[in-house]
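Coordinates in review
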Amino acid sequence: MNRKNMLALALVIMAFSGCKKSTDNAAAWVGTYTSTSGGGISNTFNQVVIQENNSFTLRVLYNIASTGSNAVTYATLQHVTLQNAMAGTISESDSVLGFHGVYQFTGTVSLNSDTLKIICTATDSSSLPFSFYGVKQ
């Protein structure tokens, strides 16, 4: 009997040790970030909202925060891929409100505590900086 119990226990331990535990790196990023002095884009985009797509990708919305509670979204990046809980890359195409054509966005994102930093360029026939530095509200 003892031998059967040990064998059953060993099988249970092996089953649980084989399970991969997935870390939700995206959860810490979710929130609204307001630009610090000089951290907005061309003094226009002063807010970034981050939503979680899944554990490894983010949805980033570049906004202009109005004086009321509504914000106007000018660009939405659907697939910002995270390498870990503090860094990720941007590589996708999207349109920008008020501009004709589709821009290719490339760059990096980083999160240090509640401080978000995005170094990004939007390119079509010309290059447009979309960098942002802000703090979580």
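Please read these numbers as outputs of a predicted model, since none were measured by experiment. (Residues numbered from 1 in each chain as written. Predicted model: local features only at pLDDT ≥ 70, side-chain atom pairs only at ≥ 80, totals over all residues. Heavy atoms only, no water.)

Thoughts on the overall build of the protein
Stated formally: The numbering of helices and of strands both runs from the N terminus, where a helix is a DSSP run of H or I of at least 4 residues and a strand a run of E of at least 2. Partly exposed residues are those whose accessible area sits between 20% and 50% of the maximum for their type, while under 20% is buried and over 50% is exposed, using a 1.4 Å probe and protein chains only. Values of accessible area rely on a 1.4 Å probe in the Shrake-Rupley scheme; residue burial ignores everything except the protein chains shown.
For the protein, the count of helices and strands is one helix and nine strands. Seen in sequence order, the protein has helices and strands lined up from the N terminus as α-β-β-β-β-β-β-β-β-β. Of all 137 residues assigned to the protein, the portion counted as buried reaches 30%. Accessible surface, the protein as shown: approximately 8300 Å² in total, 57% of it carbon and sulfur.

Topic: the pairing of strand S9 (residues 132-136)
What counts is decided by this rule: Any two strands between which DSSP finds at least two bridges are classified as paired.
Sheet analysis places strand S1 (residues 31-35) next to S9, joined by three bridges and oriented antiparallel. By the bridge assignment, Thr 34 is partnered in S9 with Val 135. By the bridge criterion, four bridges tie strand S7 (residues 115-123) to S9 in an arrangement that is antiparallel. Each bridged residue has a counterpart across the sheet, and for Ile 118 the counterpart in S9 is Phe 132.

Re the side chain of Glu 92
Convention followed: Lys and Arg are tallied as positive, Asp and Glu as negative. Neither His nor the chain termini are counted. Whenever Lys or Arg places a side-chain nitrogen within 4 Å of a carboxyl oxygen from Asp or Glu, that contact is recorded as a salt bridge. Polar contact is the term for a pair of N or O atoms within 3.5 Å; when the atoms are in protein, one must be able to donate a hydrogen and the other to accept it, and sequence-neighboring residues count only if both atoms are side-chain atoms. In what follows, residue pairs with any heavy atoms lying within 4.5 Å of each other are defined as contacts.
Note on placement: Glu 92 falls in strand S5 (residues 87-95). Arg 59 provides the closest opposite charge to the buried, salt-bridge-free Glu 92, at an N-O distance of 8.7 Å. A distance of 3.0 Å separates the side chain of Glu 92 from the backbone nitrogen of Gln 78, its partner in a polar contact. From its side chain, Glu 92 meets the backbone nitrogen of His 79 in a polar contact 2.6 Å long. The residues touching Glu 92, leaving out its near neighbours within four places in the chain, are Thr 76, Leu 77, Gln 78, His 79, Val 80, Tyr 103, Gln 104 and Phe 105.

What about the nonpolar core?
Heads up, the condition is: To form a nonpolar core, buried Ala, Val, Leu, Ile, Met, Phe, Trp, Tyr and Cys residues must be joined to one another through side-chain atoms within 4.5 Å.
Core analysis: the biggest nonpolar cluster contains 25 residues, and Val 60, Tyr 62, Phe 105, Ile 118 and Phe 130 have the highest contact counts within it. For this core, the secondary structure elements donating two or more residues are strand S2 (47-52), strand S3 (57-65), strand S4 (71-82), strand S6 (102-112) and S7.

With respect to the pairing of S4
The pairing of S4 with S5 spans three bridges and is antiparallel. By the bridge assignment for S5, Leu 82 is matched with Gly 88. Between S4 and S5, which pair antiparallel and follow one another directly, the connecting turn spans four residues.

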